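Below, each chain spelled out in residue letters.
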Amino acid sequence: MASDKEYLDFVLDQLSGLEDITYRAMMGEYIIYYRGKIVGGIYDDRFLVKSVNSAKKMMPDADYELPYEGAKEMLLVDDVENREFLCELFNAMYDELPAPKSKK
């Protein structure tokens, strides 16, 4: 099941307090980037982020979900309405996220 563009637009609006948020459509889903690093994405109209230590600390009760079959588990963000929380989450996660792979 593909994600709705309207849900992506909602999440992007919630993240509008951060600079350099971008996304890429991929097979009906959307990968979310923060300052060039992959933070998470929209999968089946669910906002999932990478399971890094800072995200686990900020969302200790978050559910682990698979974005798609064969992928690593990610954390479900259930407080999508809280803009301040999302900004804090992304800033906390940034240093733990892997650098983008260089393009050949």
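Attention here is on the structure that accompanies the text. Keep in mind that this is a model prediction, so the values were computed, not measured. (Residues numbered from 1 in each chain as written. Predicted model: local features only at pLDDT ≥ 70, side-chain atom pairs only at ≥ 80, totals over all residues. Heavy atoms only, no water.)

Taken as a whole, the largest pocket encloses approximately 520 Å³ of empty space. Residue lining of the largest pocket: 18 residues in total, with Ile31, Tyr43, Pro67, Tyr68 and Met74 positioned closest to the centre. Residue assignment for the lining of the largest pocket shows that the elements contributing at least two residues are strand S2 (29-34) and strand S3 (37-43). Considering every element that reaches the lining of the largest pocket, the biggest residue donor is S2, with three residues. For the lining of the largest pocket, the class distribution of residues is twelve nonpolar, one polar and five charged. There is about 310 Å³ of room inside the second largest pocket. (1 Å grid on protein atoms, 1.4 Å probe; cavity = no way out; pocket = protein on both sides within 12 Å on 5 of 7 lines; lining within 4 Å. Points joined across faces, edges and corners; volume = space filled by probe spheres on them. Helix = DSSP H or I, 4+ residues; strand = E, 2+ residues; numbered from the N terminus. Nonpolar A, V, L, I, M, F, W, Y, C, P; charged D, E, K, R; others polar.)

Its identity is not glycine, yet aspartate 20 carries a phi of approximately 65 degrees, on the positive side. Inspection of the secondary structure puts aspartate 20 in the loop between helix H1 (5-14) and strand S1 (21-26). Taking the relative accessible area as the measure of exposure, aspartate 20 reaches 46% and is therefore partly exposed. Positive phi, normally seen in glycine, also occurs at aspartate 45, with a value near 55 degrees. Here aspartate 45 shows up in the loop between S3 and strand S4 (46-49). Judged by its relative accessible area of 26%, aspartate 45 falls in the partly exposed class. (Buried < 20%, exposed > 50% of the residue type's maximum accessible area, 1.4 Å probe, protein only.)

We now examine H1. Of the positions making up H1, those classed as buried are Leu8, Val11 and Gln14. Viewed end-on, H1 has its buried residues packed into an arc of 120 degrees, placing them on one side of the element. Buried residues belonging to H1 abut S1, S2, S3, S4 and helix H3 (83-94). (Arc of directions from axis to C-beta. Contact = heavy atoms within 4.5 Å.)

Let us now look at the pairing of S4. Residues Arg46 and Leu48 point to one face of S4 and Phe47 and Val49 to the other, with burial holding for every one of them. Of the strand pairs in this sheet, S3 and S4 are connected by four bridges, and their pairing is antiparallel. What sits directly across from glycine 41, in S4, is leucine 48. Following S3, the chain reverses through two residues before pairing antiparallel with S4; aspartate 44 in that reversal takes a positive phi of roughly 50 degrees. Pairing of S4 with strand S6 (residues 74-76), which is carried by two bridges, proceeds in the antiparallel orientation. Bridging from a neighbouring strand, valine 49 pairs with leucine 75 of S6. (Pairing = 2+ DSSP bridges.)

Time to look at the side chain of glutamate 29. Tracing the chain through its elements places glutamate 29 in strand S2. One polar contact links glutamate 29 to serine 3, side chain to side chain, over a distance of 2.5 Å. (Polar contact = N/O pair within 3.5 Å; in protein donor to acceptor, adjacent residues only side chain to side chain.)

Reading across the sheet, the six strands line up as S1-S2-S3-S4-S6-S5 and stay open at both edges, with antiparallel pairing between neighbours. The open sheet has two edge strands with one neighbour each: S1 and strand S5 (64-65). Taken together, the two bridges between S5 and S6 define a ladder with antiparallel strand orientation. Across the sheet, residue glutamate 65 finds its bridge partner in S6, namely methionine 74. H3 contacts S1, S2, S3 and S4 of the sheet and is inclined by roughly 30 degrees relative to S4. (Axes fitted to C-alpha atoms, helices over the stretch in contact; angles between N-to-C directions.)

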